[in-house]
Each structure stands twice: as C-alpha cells, then as structure tokens.
Amino acid sequence: MFQNLRLTMAWLHTWFGLVLGFVLMVVFFFGALSVFDREIDRWAIPETRFEPQPMPSFDKVLRPVFESMQPDPGQIELARSRVDGPMATHFPVAKTWGAYTTHRDPVLGVFAGFELPNAKDPDDIIWGTRTIDPRTGKTLPDDQLKIGSQFFYPLHYSLNINWRDLGTWIVGFAALVMLVALVSGVIVHRKLFRELFTFRPGKNTQRSVLDLHNLTGVVALPFHFVFAFSGLLIFGGTYFPIGHTQLKPLHDLHEVLESQETGLPHERAGVPGRLASVDAMMAEAQRRWQARGMAGEVGFLTVRHVGDANAYVSIYRAGTDRIALTGEGIHFNAATGEVIREDPPPTVAQHINTFLTGLHLQHFRHWTLRWLYLMGGLLGCVCIATGFLFFVEKRKRQHAAQGLRGARWVDGFAVSAVTGMLVAALAMLVANRLLPADLPGRGDWEQYAFWAAWALALAHGLWRTAPVAQARIAPAWAEQCLAVAVLAVAAVLLNWVTTGDHLGRTLAAGYWPVAGVDLFLLGAAAMAFLAARALRRRSGVPSASAAANAPSRSEAARA
Amino acid sequence: MAAPPVSRLNIAVRIGAAVLGGYAFTWGFIALSVALLFAARMEFHDAETLATIVGLLLFVAAFLWAFAARSVAIVWTVLAGGGALMAGAATLVQRALT
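In this text, all values refer to a predicted model and were calculated from it rather than measured experimentally.

Engineer: How would you sum up the overall build of chain A? Please name residues and give values.
Structural biologist: When helices and strands are counted, chain A shows 20 helices and 7 strands. The C-alpha radius of gyration computed for chain A amounts to 27 Å, which stays within 12% of the reference 24 Å derived for 559 residues, consistent with globular compactness. C-alpha atoms of chain A, sized along the principal axes, occupy 105 × 60 × 55 Å. For chain A, the proportion of its 559 residues judged to be buried stands at 40%. At a minimum sequence separation of 6, the contacts of chain A that also span at least 24 residues come to 70%.

Here's what the structure looks like:
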C-alpha cells in the first residue's frame, strides 16, 4: 500500500491495533481474571465458601434434582420467537441432562435441555440450569450471580453482547487483528532479540512507553499468539458454521455413520425406557480409567434421550492431570447399565485440537501455571495500554500545535478502557458486598453497577483528558488510579465487615480462594496508589521543554 | 515519513478485501478441505479441525497481504474469486458423496 512493507505494516499495526485495542483490552483483562473465575465466585457468594466437592451420587442427589427441573423463565421468554402458536407451560420431554464440575467447584452446575413444543426447528432445545450444593442436593438461589464464571468469563469471549452472537464476532475479529498486529509488529521491529532487554524508564515518556510495549509484546509473544489463535479455534464453529450450513448434508451423513459406528442412538425411539443406577456406571467408568493407568474423578456426565428406550449415559473424566481437554468418555445403556462404547484414543487431529483448546481453557490442576496465565494476560494488557499511550505521546505535541483533538480523544478512551475498566470491575465487587442479600434481581443490579461505573469512568475520562490537547498529562489517569485504589481497599474491607472473613482468618485457615482475591485486590490498590502518586509528581513538573525553561524563568524573576 | 498520500477509497477497498475477501477465502478453503478430507475417509470433525487451523492462519496471511500487495484488484480477485471457486468445488464434492 505504501512504498515499502515496513511502512504498510506500521500503518496496519497502528490503526487496527488502536481501534480493536479497546476490545482486546477487555478480552485480555477479563481473560486473565477468568483464570481465577471460580475463586471470584467464592468471594462473591459467601454461602459457597467451602471445599471443592466431587461429583455427588446421581441416584440419591442428582436424579431428584433433574426430575424436578423445567426450563428457566428467562429462556422461555427468549424462546417465544422460536415457536409457532402459544408457548407451552409444561415441558415434559427432557432431551438431555448434564452435570459438570471441576477440582475448584464446591457447588455443582446442572443443566437440562427440553424439547420445545411447537418449535419452528424440530431440533430446537430449551435449557434449564441450576446450581446445587452437592452435599445436600439443595438448590441455591437463582439470582446469586457467579461474578467470575457467569459475568467476567463470558465478558472475555462475548463482551456479554448476546444478540445474534454479536459480541463473540467482535471478539473474534479482535483476535484476528491481534494475530495481524503480532505479525506486523514483528515485521516493523526486526531487532526482536534486543527488545527483550530494552527498557529505559528514565528516558522521555514516549521512548520508555515504546520500550515497555515492545518488551511486553516480545516476552510473551508465543503466549499472545497461541491464546489469540486457540481462542479463534475454540469458536471456529461459530465463525465458520460450515457444517451447519453449506455442508449440512455432509455433516448429517457423518452423524448417521457415526451413530452406526459408535452404537449411540442419534434419535429417540419413542418408547419409554427406564434408568438403571448411574452410580454403578460411574464406578465402572472409574474402574476402567484406573485399569488404563489414569485413575480420576468424574468431571462431566450426561444422560441423552432421557426416559426413552434409546437413552444412554455418557461419563467423562475430569482432566486435572493433563493439558489436553479430553474426557476419555465411556457410554452406557441407560436401562441396563451395560457399556455401549469407550471413546477410542484421540486421533492426530483430536490431539492437536484438544491440546490447543485445553491449553486455553486450563482444566488442569497446576497453581503455578495458573498464576503464569494470569501474568501472561496482564502482560498483554500492559502491551495494549502502552500501545495507546505511545499513540498519544507520539502525536500530542504535534496535535496541540496544530489544534487537532485526535490525541486527546484517544487518551480519553484509553483511560476509560484501562483504568475505567478496573473501576467498573471493582465497583461490581463493592456492589456485590453492599446490595441487600434479599434484593430481587440482585445479580442484575450488580451488572448495572458494573456498566454504570464504566459509563461514569468514560465520562470522567473524556472530561479530564482535556490538558492532552495542550500536550500535557491528563489528570484523568491519576484520578482514576486513585479511584481504583480506594475501591479495591473498600472491597476487601466490605468483605471483612459483611462476612467476617478477613485476611487473618482466611490465611490462617488456608482458604486461598478468598484470601487470594483479597490479597490480589490489596496488591492492585498499592500499585494503583503508587501510580497515582508518580503521575501527580510528573504532572507537577509539566513537560521536558517546560522544565528546561523553568530555571531561566526564575532567573528572570530574580533579575 | 514522506509516504505518498493513499486515497481513502483505496484504504476502504483494502480493508474490505482484508475482512470480507479474507473471510470468503477462508470459508471456501475450510469447506473444500473438509469435503475433500471427508471424501478421503477422515472423520468429519477431524477434517473440520485441521481445515480450521490452516484456514485461520491463511486468513491472517490474506489479511496482511491485502494491505501489502501492490494491486488491490488482484487481492480482491484472488480472495473473493478463489473463495467462491473453492466453496463451489466443496458443494460439488458434497453432491458426489451424498
């Protein structure tokens, strides 16, 4: 496009990086938090602060729960446009039941998918979900929002914009641009190895910001690349739904062949069937895994074609001891409890796929690695944030001289995307501890607090970045850093006051989910406070050129 | 940087080629690869996985190429035309199989 490749790549890196950087900031930050989503859940729902539990007895605990389930009211509302005629009030046919747990879950998420009567698409399914205490089978209230796994985590991959998967598409495009930015960034810089050791904080802001951008980009280059790529791959079927559209006939053919080969019925028989002891099937599955030299817990179980003669039960192993997201599934005839099939060892393609997706989704039990993931995600945030700052620093003097407002607007949006996002996340945690426990729709209010705080931070960011138009440092950064520090400390104190779980107690008990979140919040508060102080000090000594002029001015005053 | 000014239209056409052309090309590539690999008796989802992995890398390359190439007309021709051809071929393979 320009006269040489480097200029073209620099243009691509700058402009696509800038525009999609705001999305990538959200994706990286909430992706990093999602590494500890279950721990954030514990912090936010004090009733669930107990030890992780294995999959409970199906026959005694899960079966009565499943049998009492119906689709969620919200799902029924959403499904109204998918039926011809009136919406059913009762959903008698359960297509599937499922329960999923990990080594970090004290509570158990269960789901049931029902046939949707009068559905336009006969294969349509309407879902019901519940969270239960696996020790008792007691259902936990619906409106306790799992902030980590139900808000921060989906924010990471869908921005919580669910209309026609729009958010997932935006994030997908941002991930593609991330890969493009990494390749174009490497082409622009060339001296890749040197970037690893170059950080000159003492130089002018523009130089040190670029050093930090290159350093964080290069140090974690493989991490950034693999995560953006595997993220795209995980949603590959959403972005390229070829098997459901253009090649649907081929996919249907495959499903028929598959059910012939596996012996797992693809359709209901239409004849009622019974359900034998699933506990016995779980025990048998565990026995078979042990015989293969990989003893483990049950992580996921499903019943398909519930109540039908074709019903079968699939039991999958929790993958705590490997990266690849494989379940070593064993499938049982629901009525007799006989094994129909054991999943064969993965093929080469499955090896690659489960490794990449497992690497991204981390079901393994390895706390050091988990912390490294968090660091990798935060390094990505630093890389993106310094990209914004470099954009502003590079242009602000020129823009000030020419009376342009571009740098100022970018700085305003950068403040909102970086510190404003932290303010929003922290406001949500504070709201979580302040809102009355019996408030109807409490989880909704927590989300309103999040978005309202972010909107406020955006307004503040746009307002308090005005000095950038005169090539000075925006006070918005220091002020929002201070807000971050105050909110983070407030969250820790509120957790203490409302639950009694102060750090002395959680640390003494070794209860790391809550202690870890509290310590992380305090660390963030300390860093935000130091950043605010450093920024204040800098803006006190305006710019380098003004500082150079200062002595002569004071001499002039003396004279 | 004394780069000669690039017209806004040229930039818009290149962005279109990178995003839409790149998508069409990737779609065609994945569809044709899945159809051919399935015809060669690979399991459907295995074929889909492999094709998607390679397809996504191609998308990144096509995206960069859309800006690096001298002629944007060639970019559009290759990406959109190639994508349509591959998608058409995929449908033909599917017809032969089903």
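Engineer: Could you give an account of the overall build of chain B, with specific residues and numbers?
Structural biologist: On a plain count of helices and strands, chain B comes out with 3 helices and 0 strands. Written out in order from the N terminus, the α and β elements of chain B read α-α-α. Scaling as 2.2 N^0.38, a compact globule of 98 residues should have a C-alpha radius of gyration of about 13 Å, whereas chain B reaches 16 Å, well beyond that. A principal-axis box enclosing the C-alpha atoms of chain B has dimensions of 55 × 20 × 15 Å. Counting the 98 residues in chain B, one finds 46% classified as buried. Looking at chain B alone, contacts between residues at least 24 apart form 79% of all its contacts between residues at least 6 apart.

Engineer: Tell me about helix 13 (residues 348–361) of chain A, and please be specific about residues and values.
Structural biologist: Helix length check: helix 13 of chain A (14 residues) gives 20 Å between terminal C-alpha atoms against 20 Å at 1.5 Å per residue, within 8%. Listed in full, the buried residues belonging to helix 13 of chain A are N353(A), L356(A), T357(A) and H360(A). Each buried residue of helix 13 of chain A sits inside an arc of 90 degrees when the element is viewed along its axis, so together they form one side. Looking at the packing, one finds that the buried side of helix 13 of chain A touches helix 9 (221–234) of chain A together with helix 2 (44–68) of chain B. Looking one or two places after helix 13 of chain A, you find Q362(A), whose phi comes out positive at around 40 degrees.

Engineer: Outline the interface of chain B and chain A, supporting the account with residue identities and numerical values.
Structural biologist: Tallying the contact residues gives 33 residues for chain B and 31 residues for chain A. Among the elements that take part in the side of chain B that touches chain A, helix 2 of chain B stands out by supplying 14 residues, more than any other. Partitioning the side of chain B that touches chain A into residue classes produces 23 nonpolar, 6 polar and 4 charged.

Engineer: Tell me about helix 1 (residues 5–34) of chain A, residues and numbers included.
Structural biologist: The periodicity of an α-helix, 3.6 residues per turn, causes residues three or four places apart in sequence to face the same way. Relative to the 44 Å expected for 30 residues at 1.5 Å per residue, helix 1 of chain A spans just 38 Å between its end C-alpha atoms, considerably shorter than the ideal helical length. Maximal helix bending in helix 1 of chain A amounts to about 50 degrees, located at G21(A).

Engineer: Can you break down the environment of D41(A) residue by residue, with the values?
Structural biologist: Residues and elements named next belong to chain A. Mapped onto the elements, D41 comes out in helix 2 (residues 37–44). When the 28 C-beta atoms within 10 Å are taken as the criterion, D41 is described as buried. Taking C-alpha positions, D41 is 4.9 Å from K146, a pair spaced 105 residues apart along the chain. Not counting residues within four places of it along the chain, the set of residues in contact with D41 comprises T48, K146, I147, G148 and S149.

Engineer: Tell me what's going on with the packing of helix 14 (residues 367–402) of chain A against helix 15 (residues 406–434) of chain A, and back it up with residues and numbers.
Structural biologist: All names here are of chain A. It is the contact of helix 14 with helix 15, at a shortest axis distance of 8 Å, that shows an interaxial angle of 155 degrees. Judged on the interaxial angle alone, helix 15 and helix 14 are roughly antiparallel. Note on packing geometry: the crossing formed by helix 14 with helix 15 is left-handed. Here helix 14 contributes A385, F388, L389, F391, V392, R395, K396 and H399 to the contact with helix 15, which in turn contributes G406, A407, V410, D411, A414 and V418. Among the residues forming the contact of helix 14 with helix 15, the class breakdown is 9 nonpolar, 2 polar and 3 charged.

Engineer: Describe the domain arrangement of chain A, with residues and values.
Structural biologist: Under the domain assignment used here, chain A contains domain 1 (49–144 + 263–358) and domain 2 (405–559). A straight line from the C-alpha centre of domain 1 of chain A to that of domain 2 of chain A covers 42 Å.

Engineer: Would you mind going over the confidence of the model for chain A in detail, with residue names and values included?
Structural biologist: For chain A, per-residue confidence averages 92 on the pLDDT scale, and residues scoring 70 or more make up 96% of the total. Considering only residues more than four positions removed or in separate chains, one finds that residues 542–559 of chain A, a stretch of pLDDT under 50, has 6 contacts.

Engineer: Please provide a residue-by-residue account of the packing of helix 9 of chain A against helix 2 of chain B, values included.
Structural biologist: Where helix 9 of chain A meets helix 2 of chain B, the closest approach of the two axes is 10 Å, and the angle between their N-to-C directions is 130 degrees. Taken together, the axis directions place helix 9 of chain A and helix 2 of chain B in an arrangement best described as oblique. The element helix 9 of chain A and its partner helix 2 of chain B pack so that their crossing is right-handed. Here F229(A), L232(A) and L233(A) of helix 9 of chain A come into contact with helix 2 of chain B, specifically with T52(B), I53(B) and L56(B). Its residues placed into classes, the contact of helix 9 of chain A with helix 2 of chain B shows 5 nonpolar, 1 polar and no charged.

Engineer: Please provide a residue-by-residue account of the environment of P86(A), values included.
Structural biologist: Its place among the elements puts P86(A) in the loop between helix 4 (73–79) and strand 1 (94–100). Taking C-alpha positions, P86(A) is 28 Å from H244(A), a pair spaced 158 residues apart along the chain.

Engineer: Tell me about the pairing of strand 6 (residues 330–333) of chain A, and name the residues and values.
Structural biologist: Residues and elements named next belong to chain A. Burial of the side chains of strand 6 extends over both faces: I330 and F332 are buried on one face and H331 and N333 on the other. When strand 5 (residues 312–317) meets strand 6, the two strands line up antiparallel, connected through 4 bridges. Counted as the bridge partner of I315 is I330 from strand 6. Counted along the chain from strand 6 to the antiparallel partner strand 7 (residues 339–342), the turn is 5 residues long, and its residue G337 has a positive phi close to 80 degrees.

What counts, and where the lines are drawn
- Residues numbered from 1 in each chain as written.
- Chains lettered and ligands numbered in written order.
- Predicted model: local features only at pLDDT ≥ 70, side-chain atom pairs only at ≥ 80, totals over all residues.
- Helix = DSSP H or I, 4+ residues; strand = E, 2+ residues; numbered from the N terminus.
- Rg over C-alpha atoms; globule rule 2.2 N^0.38 Å.
- Buried ≥ 20, exposed ≤ 12 C-beta atoms within 10 Å, placed from the backbone.
- Contact = placed C-beta atoms within 7 Å.
- Expected span 1.5 Å × (residues − 1).
- Arc of directions from axis to C-beta.
- Nonpolar A, V, L, I, M, F, W, Y, C, P; charged D, E, K, R; others polar.
- Bend = angle between axes of the 7 residues up to and from the residue.
- Axes fitted to C-alpha atoms, helices over the stretch in contact; angles between N-to-C directions.
- Parallel < 35°, antiparallel > 145°, perpendicular 65-115°, else oblique.
- Left-handed = near helix turned anticlockwise from the far one by under 90°.
- Domains from an automatic or database assignment.
- pLDDT = per-residue confidence, 0-100.
- Pairing = 2+ DSSP bridges.

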